[in-house]
Amino acid sequence: MTAYSTFASFSDLGPVVEVKPGYGYVILVGVASGFLLSWQAIQVGKMRKKTGINYPIMYSQDTTGDGHLFNCYQRVHQNTLEGYPLFLMLLFTGGFAHPIPSALGGALWIVGKIAYSLGYYTGDPKKRVRGAFGNLALLTLTGSSIAVAARLLRWR
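Everything in this summary refers to the structure shown in the same document. (Residues numbered from 1 in each chain as written. Predicted model: local features only at pLDDT ≥ 70, side-chain atom pairs only at ≥ 80, totals over all residues. Heavy atoms only, no water.)

1. Some thoughts on the overall build of the protein
Now for step 1: A tally of helices and strands in the protein yields four helices and zero strands.
Now for step 2: Secondary structure elements of the protein occur, N-terminal to C-terminal, as α-α-α-α.
Now for step 3: Put simply, the protein has 156 residues, and 37% of those count as buried.
Now for step 4: Intrachain contacts of the protein at a sequence separation of at least 6 include 71% that bridge at least 24 residues.
Now for step 5: Here the protein displays about 9,500 Å² of accessible surface, and carbon together with sulfur accounts for 67% of that area. (Helix = DSSP H or I, 4+ residues; strand = E, 2+ residues; numbered from the N terminus. Buried < 20%, exposed > 50% of the residue type's maximum accessible area, 1.4 Å probe, protein only. Contact = heavy atoms within 4.5 Å. Areas by Shrake-Rupley, 256 points an atom, 1.4 Å probe, with all protein chains shown as cover.)

2. Some details on the packing of helix H2 (residues 65–97) against helix H4 (residues 136–152)
Now for step 1: One way to put it is that H2 packs onto H4 with a least axis distance of 7 Å and a crossing angle of 55°. When the interaxial angle is binned, H2 and H4 end up oblique. The chirality of how H2 crosses H4 is left-handed. Each of Phe-87, Met-89, Leu-90, Leu-91, Thr-93, Gly-94, Phe-96 and Ala-97 in H2 lies in contact with H4, whose residues at this interface are Leu-138, Leu-141, Thr-142, Ser-144, Ser-145, Val-148 and Arg-151.
Now for step 2: Residues that form the contact of H2 with H4 fall into these classes: nine nonpolar, five polar and one charged. (Axes fitted to C-alpha atoms, helices over the stretch in contact; angles between N-to-C directions. Parallel < 35°, antiparallel > 145°, perpendicular 65-115°, else oblique. Left-handed = near helix turned anticlockwise from the far one by under 90°. Nonpolar A, V, L, I, M, F, W, Y, C, P; charged D, E, K, R; others polar.)

3. Observations concerning the nonpolar core
Now for step 1: Ranked by size, the top nonpolar core spans 14 residues in total, and within it Val-26, Val-29, Tyr-84, Phe-87, Leu-91, Trp-109 and Leu-141 carry the most contacts.
Now for step 2: Those elements that provide at least two residues to this core are helix H1 (23–51), H2, helix H3 (99–120) and H4.
Now for step 3: Element by element, the count of residues in this core is highest for H1, at five residues.
Now for step 4: When residues no more than four places from it in sequence are discounted, the contact partners of Trp-109 are Ser-33, Leu-36, Thr-80, Tyr-84, Phe-87, Gly-134, Ala-137 and Leu-138.
Now for step 5: Counting residues in hydrophobic clusters, the runner-up holds eleven residues, among them Cys-72, Tyr-116, Tyr-120 and Tyr-121. (Core = buried A, V, L, I, M, F, W, Y, C linked by side-chain atoms within 4.5 Å.)

4. Observations regarding the environment of Phe-92
Now for step 1: One can find Phe-92 in helix H2.
Now for step 2: We classify Phe-92 as partly exposed; its relative accessible area is 29%.
Now for step 3: Excluding residues that lie within four positions of it along the chain, Phe-92 makes contacts with Tyr-23, Val-26, Ile-27 and Gly-30.

5. Examining the pattern of salt bridges
Now for step 1: Counted according to the given criterion, the structure contains one salt bridge.
Now for step 2: Among the salt bridges present, the one from Arg-75 reaches Glu-82, with a minimum N-O distance of 3.1 Å.
Now for step 3: Assessed through its relative accessible area of 47%, Glu-82 is described here as partly exposed. (Salt bridge = Lys/Arg side-chain N within 4 Å of Asp/Glu carboxyl O.)

6. So, the packing of H1 against H3
Now for step 1: Relative to each other, H1 and H3 sit at 15°, their axes nearing to 8 Å. What the angle tells us is that H1 and H3 run roughly parallel. Of the two elements, H1 crosses H3, and the hand of that crossing is left-handed. Across from Tyr-23, Tyr-25, Val-26, Val-29, Ala-32, Ser-33, Leu-36, Trp-39 and Gln-40 in H1, the residues of H3 making contact are Pro-99, Ile-100, Ser-102, Ala-103, Gly-106, Ala-107, Trp-109, Ile-110, Lys-113, Ile-114, Ser-117 and Leu-118.
Now for step 2: Taken together, the residues that form the contact of H1 with H3 break down as 15 nonpolar, five polar and one charged.

Here it is as structure tokens:
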């Protein structure tokens, strides 16, 4: 039996991405972000127990008092989950070429999400903006990822 290939040799695959030793920090930040999500999920669970809002109810119909507070907790976790795939993709791709800036940007994003969470957990949604600085980290991660793409496409 003959094995067939769509390329003549491995050199035809294009540029190779070298994983730098600092990429370990990127991986650790990715792991830490998982702890962030777990912490937020635990907070929602504790608030669910306190308010008596059982599964599968996602948000309370009561928009005052404990129902409002539960919704704030739930919204924190949901908001983080909504942006999480983009964060991870940018962290792990940008980290190939720029592991230290990407790891620092990822750590800043996590700290921003903690500040965002603590602000929102007060029950005053306006206080969530305390963590807005974490969004600046996405600029670093985006720039790092674009640099990797440009290198792979041999634009520079």
